[in-house]
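A look at the structure
The primary structure of each chain is shown beneath.
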Amino acid sequence: MLAAVVTGLAVLVPNADAQVGGGSWISDSPSFNTQEKGCGDVSGLTFKLTCSSASGEQRAERRYTTYSGGTHQFEGSFKITSMSGSRISLKQTFRDGSSAGPYFLLAVEKGGRMYAVEGGATLGSGATVGTSVRVNTINQVGSSHKVYLNGSLKQTISSPGGSYYDKFGSYRTSSGAGPITVTWSGIKFWHK
């Protein structure tokens, strides 16, 4: 009987091990709010831009609570279920406070190229309709911000001190347009 109870407890204890980055991580459950602008539509973890407008603010996102200092990891997988637009941001690490604004934006082009909006560096390919891509970002505030796609490190950039928050969904970049429908899954957060 005791073995069954102990086994049951082991199943109920959440696994705090992150997919990437090594070391000991502590699971987080930050709160979020949903943001819809223009032709953006959010339903659970499905995010749509329903129009092809190349102007104005078009977004459907979750915005998580702000953090300052420490090391924070986001993990989630996205699958594009339809896309006739291009250059849509899917994951953002955003600066808050006095330096508020976009810091890192992972975007996708219609052919499946994934890139960093700031600077335009190609981070990967294969983000085509029906294909799942796992995204991890690790922000060590005041040191570095790392981006992993499907478990492989794709970019490391400097991370200034200050406050940040995570966003994901679909957001029209200044050179992009919808429509797009993308579903996210496996959303997890950790810190250390």
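Calculation rules
Residues numbered from 1 in each chain as written. Predicted model: local features only at pLDDT ≥ 70, side-chain atom pairs only at ≥ 80, totals over all residues. Heavy atoms only, no water. Buried < 20%, exposed > 50% of the residue type's maximum accessible area, 1.4 Å probe, protein only. Helix = DSSP H or I, 4+ residues; strand = E, 2+ residues; numbered from the N terminus. Pairing = 2+ DSSP bridges. pLDDT = per-residue confidence, 0-100. Contact = heavy atoms within 4.5 Å. Core = buried A, V, L, I, M, F, W, Y, C linked by side-chain atoms within 4.5 Å. Polar contact = N/O pair within 3.5 Å; in protein donor to acceptor, adjacent residues only side chain to side chain.

By the criterion of burial, strand β15 (residues 163-177) is predominantly enclosed, with 12 of the 15 residues buried. Taken together, the five bridges between strand β5 (residues 59-64) and β15 define a ladder with antiparallel strand orientation. If you follow Glu61 over to β15, its bridge partner there is Gly169. With two bridges connecting them, strand β6 (residues 67-68) and β15 associate as antiparallel partners. Considered in β15, the bridge of Ser68 is made with Ser163. Judged from the nine bridges that link them, strand β8 (residues 86-96) and β15 form a sheet pairing that is antiparallel. Within β15, the position partnered with Ile88 by the bridge is Arg172.

Our focus in this paragraph is the confidence of the model for the protein chain. Interpretation of the predicted coordinates at a detailed level should be avoided for regions scoring low in pLDDT. Predicted confidence across the protein chain gives a mean pLDDT of 91, with 91% of residues reaching 70 or more. Considering only residues more than four positions removed or in separate chains, one finds that residues 1-15, a stretch of pLDDT under 50, has two contacts.

Moving on to the environment of Ser29. Tracing the chain through its elements places Ser29 in the loop between β1 (26-28) and β2 (32-37). The exposed category is assigned to Ser29, whose relative accessible area is 75%. Sequence-wise, Ser29 and Phe189 are 160 residues apart; in three dimensions their C-alpha atoms are separated by 6.6 Å.

If you look at the biggest cluster of nonpolar residues, it comprises 32 residues, and the most contacted ones within it are Phe78, Leu90, Met114, Val135 and Trp184. With five residues, the next largest nonpolar core counts Val20, Ile138, Tyr148 and Trp190 among its residues.

With that settled, consider the side chain of Gln35. Mapped onto the elements, Gln35 comes out in strand β2. Separated by 3.2 Å, the side chains of Gln35 and Lys167 make a polar contact. Excluding anything up to four places from it in sequence, Gln35 contacts Val42, Arg59, Ala60, Glu61, Arg63 and Lys167.

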